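Understanding the architecture of this molecule
These are the residues of each chain, in order.
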Amino acid sequence: MTGPEKGLRIEARGLIKHYPGVLALNKADLTVEAGSIHGLLGKNGAGKSTIIKVLAGVIQPDGGEIKIDGEPTEIHSPHAAGELGFAFAHQELTDVPNLTVGENVLLGLGYPTTGGAFVRKRALRRKAAEVLDRLEAGIDPGAPLASLSIAQRRMVVIARGLAADARLFVLDEPTASLTDSEIDHLDRTLKSLRDQGVAILYVSHRLDEIFAMTDQVTVMLDGAAVHHGKTADLDKAKLIELITGSVIAVEKRIPHTTPAAAPNLMEVKGMTIPGIVNNVSFELKEGEMLGLAGLVGAGRTELMRAIFGADRAASGEVLMRGKKMRIRSPREGLKAGIVLLPEDRKNQGGVLDFSVRKNMTLPSLSKFRVVGPAPFPSERREKKAAKDLVGRLSIKVANVEHPTRYLSGGNQQKVVLAKWLDSGADVFIFDEPTQGIDVEGKEEVYQLMTALADQGKGVIFVSSEFNELTGTCSRILVMREGELVGQFEGVDISEGELVDACYSHEAEPLAAS
Amino acid sequence: MADDLTGSGQGEATTKAAPGTTAEESSGGGRNFSLAMIAGKYGLLIFFGAVLIAFSLLRPNTFPTGENAEAILTLAAPSLIMAVGLTVVLVMQDFDLSFGAMIGLAGGAVTTFIVTNHMGWALAIVLVLLMGAAAGLANGFMVSYLGGNSFIITLAMGTVLTGVEFALTHQATIYSGFPATFLKIGQGTFLGLNNQIWIAFVAAVLMWALLDRTELGRYMYAIGGNQEAARLSGIRVKAFRVIGFIIVGVAAAAVGILLIALSSSYSPNGGATYLLPAFAAVFLGAAVFRPGEFNVPGTVVGVLFLGVIQTGLVMLNFETYVINLVQGGILIAAVLVSRLGAKVA
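Numbering of residues starts from 1 in each chain and follows the order in which that chain's sequence is written. Chains and ligands are labelled sequentially in the order written, the chains with letters from A and the ligands with numbers from 1. Totals for whole chains, interfaces and linings use all residues, but because this is a predicted model, local features are given only for residues with pLDDT of at least 70 and pairs of side-chain atoms are given and counted only at 80 or more. No hydrogens and no water enter the side-chain calculation; it runs on all heavy atoms of the structure.

Digging into the overall build of chain A
Let me state the cut-off plainly: Numbering of helices and strands runs from the N terminus, with a helix taken as a DSSP run of H or I at least four residues long and a strand as a DSSP run of E at least two residues long. With C-alpha atoms as the basis for the radius of gyration, the globule rule is written as 2.2 Å multiplied by the number of residues raised to the power 0.38. Where accessible areas are quoted, they stem from the Shrake-Rupley method and a 1.4 Å probe; at the residue level, only the protein chains shown are allowed to cover. Residues scored as charged are limited to Lys and Arg (positive) and Asp and Glu (negative), so that His and the chain ends carry no count. Working definition for charges: the position is that of NZ of Lys, CZ of Arg, CG of Asp or CD of Glu.
Within chain A one finds 17 helices and 22 strands. What you see for chain A is a C-alpha radius of gyration of 24 Å, in line with the 24 Å of a compact globule of 513 residues. For the C-alpha atoms alone, the extent of chain A along its principal axes is close to 65 × 50 × 50 Å. Counting only carbon and sulfur atoms, one obtains 49% of the accessible surface of chain A, whose full area is about 20900 Å². Between the mean site of the 61 positive side-chain charges and the mean site of the 68 negative ones, chain A shows a separation of 7 Å.

Put into structure tokens, the structure is as follows:
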């Protein structure tokens with residue numbers, strides 16, 4: 001395996017890209033060099049993904065040029081991007097779960113064969129292992145990819161780039177749904193790649209990571225690069241100002257507090273899903289915002305889905321205001337007064353091809369009938385309610401008839417929330433609601449959750465970003481390996497305490513195979 | 001992967017559109033947008049119009065006549081009933097390949113009940129419609145509740161239904177013994193039009209109302225769009241998928257009965273020829289009005305279009321193989337155009 005070539009320099013100058021009705025790139029500039037980790041920041045909709053798609057050859061710019069080592073270059077197709085040595089790790093995993101790790105690492109690079117047809121499995125495994133060893137990933141190349149954690153799968157994607165001798169790595173929100181130790185490992189990996197002379201373009205909404213990992217940053221706003229410079233020359237306040245285009249005071253958030261006398265709203269007793277969740281019990285008070293921290297794979301999502309009825313638990317019960325509920329399906333969960341905003345927004349949250357209006361009214365369609373009990377929804381009444389919700393949640397969409405697919409992540413999340421807002425539910429479970437959402441959008445989501453708690457609803461906030469839990473919740477539960485292992489109370493819970501609770505002494509999440 | 005990327009990119013773009021887009025930009029992009037949109041939405045309709053004009057010019061004395069129009073509509077009526085029923089399952093992303101056999105079974109059953117068993121024709125019709133519902137229920141239960149793949153389950157069910165048909169009729173061809181009142185259903189007229197046209201019209205209006213005007217229809221589209229999101233929204237996904245199969249079963253039974261009443265005769269396995277044209281019409285229909293989405297108005301256009309092409313080509317004395325080539329080619333083109341339209345929209 002030859003090392004990457006030295007001195008790659010990619011310069012994009014004055015890129016312009018029109019989408020119907022919008023200027024996605026407005027003379028955007030970006031320079032990425034070998035041996036540097038380059039952070040790309042900006043709000044959702046600032047043009048980050050568009051510029052990455054140009055580099056990936058997925059779309060062609062309407063204007064501007066790209067120079068690679070001084071040569072004007074057009075990247076016609078994803079294949080051409082591959083030939084240039086560009087590798088992309090997208091936010092959504094783009095690997096093949098039913099193949100093995102090794103088959104994924106070498107996917108498209110030519111497997112070692114006998115007679116050009118029969119794959120030599122052992123040679124393939126050895127070749128993949130060489131690459132994986134460079135990442136110190138400790139992943140067995142023969143393991144089925146589906147058996148890996150999300151963090152390990154990201155490592156496999158990176159290994160694929162390494163195997164292709166990539167000169168430029170573009171990572172789009174690579175740490176979404178990774179935990180701190182996994183992020184540490186990724187950090188070390190990227191820095192070692194950088195030191196080997198690879199150029200790295202790193203897109204993230206997490207400012208702490210930008211400061212910890214990147215050498216340089218480019219900030220985009222409304223399709224143009226508004227700042228380019230060394231990361232070390234910036235501080236958090238300045239960066240936020242650049243991202244939002246205005247001065248926003250960076251205040252320490254004050255967590256929501258629950259009145260001490262608040263009655264119990266929901267009790268979960270002995271929830272068990274064999275091998276995933278083990279005998280979990282907790283209670284939620286009226287008007288409480290309860291945090292649930294843990295590593296990916298700790299069983300948080302599974303626990304929440306079982307409470308809501310999306311999956312069946314082997315045993316355990318849910319009591320609402322002291323009354324035992326029968327919850328065997330989401331329908332019964334909703335009837336019991338529980339709603340779940342799932343982690344996987346794209347695949348579970350909403351019907352993306354539906355208009356904003358249709359998504360918002362989906363669970364409560366029978367409230368919008370034209371007359372009496374006839375099951376004919378009145379489009380006019382639906383529209384009125386949808387417009388009202390768009391206003392209340394300040395969702396950025398020109399028309400409620402637009403397909404939800406075309407909204408940004410933050411606005412999609414708000415649409416998913418909007419459909420439950422007036423449902424009369426008592427318990428709102430938010431599973432990673434701020435994943436892939438920009439700074440302003442996150443703040444809005446926190447405010448919406450807090451407002452629900454202020455109305456006396458019970459809110460459960462599941463997150464892998466512990467600072468957002470400590471900033472919003474005054475009681476936080478920690479799950480590890482399917483069990484509740486800690487509970488923290490007060491307005492000044494520290495992230496460190498949560499992190500400690502998440503790891504048992506022998507835990508080594510990335511080394512598992 | 002490429003699709004995925006494009007999707008999220010447009011997401012970015014739209015967010016930005018809301019606050020500050022200049023008039024220049026939006027009109028520039030807008031023009032391309034609307035042209036492509038028109039091509040995607042109405043391309044098939046325009047083509048349909050052109051075909052009508054072409055046939056009318058080539059056969060001015062026989063094609064553009066009221067008589068011919070009624071003939072085409074009568075020919076298309078059973079297909080239309082089948083196709084609008086099929087639209088419902090396809091909306092939910094399920095497949096039903098058994099309805100061709102169900103049409104045959106319904107014909108065989110109604111013939112046996114009336115001719116062999118001397119049953120009253122009204123009772124026979126009710127029983128056969130119930131058989132259709134039962135077959136649909138069985139399909140739906142196995143697919144939705146037991147998790148069978150709808151493609152394979154309904155394919156196998158088709159074989160079973162044909163078996164039942166042959167058991168009832170012993171594969172005999174029957175062309176006498178039908179009471180006149182029964183035959184009137186297929187051959188009589190109402191307000192100057194063949195009864196079948198009216199029945200097909202009512203079926204189309206009912207299915208349109210179901211899918212586009214009722215809560216159930218909205219839920220069905222939600223199931224097709226994202227089954228898991230629909231389930232988490234509290235929608236009875238399994239039950240509604242079963243309802244879809246029942247609708248197809250009943251539609252097939254109705255078509256089977258009508259075909260017997262129309263031809264006053266039964267021949268074994270007569271439904272198979274209706275299977276693929278119904279799919280063709282529904283997929284053609286997804287190329288009009290709402291590109292990329294199955295919809296009843298589109299299905300109606302699809303059925304009429306196929307009917308016109310068929311009749312027109314026959315009038316022009318083309319040989320069967322030419323008709324096959326043209327019909328197949330048009331279907332391929334329409335499906336590809338609808339893909340394009342869906343991407344643009």
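Observations regarding the overall build of chain B
Where we set the bar: Each residue is placed in one exposure class: buried if its accessible area under a 1.4 Å probe, protein chains only, is under 20% of its type's maximum, exposed if it is over 50%, and partly exposed if it falls in between.
For chain B, the helix and strand inventory stands at 14 helices and two strands. Burial statistics for chain B: of 345 residues in total, 49% are counted as buried. If you sum the accessible surface of chain B, you get close to 15000 Å²; carbon and sulfur atoms cover 69% of it.

Remarks on the pattern of salt bridges
Residues and elements named next belong to chain A. Inclusion rule: Think of a salt bridge as a Lys or Arg side-chain nitrogen and an Asp or Glu carboxyl oxygen that are within 4 Å of each other.
Scanning the entire structure with this criterion turns up 30 salt bridges over all chains. As a salt-bridge pair, arginine 9 and glutamate 33 come within 2.5 Å of each other at their nearest N and O atoms. On the criterion of sequence distance, the pair formed by arginine 9 in strand S1 (residues 9–19) and glutamate 33 in strand S2 (residues 22–33) is long-range, its members being 24 residues apart. Here arginine 392 makes a salt bridge to aspartate 388, at a shortest N to O gap of 3.2 Å. In this pair, arginine 392 and aspartate 388 both sit in helix H13 (residues 379–392), four residues apart, roughly one turn of the helix. The class of aspartate 388 is partly exposed, set by a relative accessible area of 39%.

Focus: the packing of aromatic side chains
Residues and elements named next belong to chain B. Worth spelling out the cut-off: Think of it this way: a Phe, Tyr or Trp ring, Trp meaning its six-membered ring, pairs with another when their centres are within 6.5 Å, and the plane angle makes it stacked under 30 degrees, edge-to-face over 60, tilted otherwise.
Under the definition given, this model contains 13 aromatic pairs over all chains. Taking 5.9 Å as the distance between ring centres and 5 degrees as the angle between the ring planes, the aromatic pair formed by tyrosine 219 and phenylalanine 240 counts as stacked. Of the two residues, tyrosine 219 sits in helix H9 (residues 215–225) while phenylalanine 240 sits in helix H11 (residues 237–263), which places them 21 residues apart along the sequence. The residues tyrosine 219 and phenylalanine 240 share a single accessibility class, namely buried. Between phenylalanine 283 and phenylalanine 294, the ring centres sit 5.0 Å apart and the planes meet at 85 degrees, which makes this aromatic pair edge-to-face. In this pair, phenylalanine 283 sits in helix H12 (residues 275–285) while phenylalanine 294 sits in the loop between H12 and helix H13 (296–315), placing the two residues eleven residues apart along the sequence. By relative accessible area, which is 28% here, phenylalanine 283 ends up partly exposed. On the basis of relative accessible area, phenylalanine 294 is assigned to the buried category, the value being 18%. Ring-pair connections join several aromatic residues into one group, and the members of that group are Phe95, Phe99, Phe151 and Phe279.

Comments concerning the sheet that holds strand S20 (residues 458–462) of chain A
All names here are of chain A. Here is the rule we go by: Strands are labelled as partners when DSSP assigns at least two bridges between them. A fitted line through C-alpha atoms serves as each axis, taken over the contacting stretch for helices, and the angle formed by two N-to-C directions is quoted from 0 to 180°.
The strand order S18-S19-S20-S15-S21-S22 describes an open sheet built from six strands, whose pairing is mixed. With one partner strand each, in any of the chains shown, strand S18 (338–341) and strand S22 (483–489) form the two edges of the open sheet. Averaged over all pairs of adjacent strands, the angle between their axes in this sheet comes to 20 degrees, without regard to strand direction. As paired strands, S18 and strand S19 (residues 427–431) are joined by four bridges and run parallel to one another.

Observations concerning unusual backbone geometry
Residue and element names in this part refer to chain A. A positive phi is found at aspartate 222, a non-glycine position, where the angle reads about 50 degrees. Following the sequence through the fold, aspartate 222 ends up in the loop between strand S11 (216–221) and strand S12 (224–230). The phi dihedral of arginine 321 is positive, around 50 degrees, even though this residue is not glycine. Among the secondary structure elements, arginine 321 is positioned in the loop between strand S16 (315–320) and strand S17 (323–325).

Everything listed here is a matter of geometry and, on its own, says nothing about what the molecule does.
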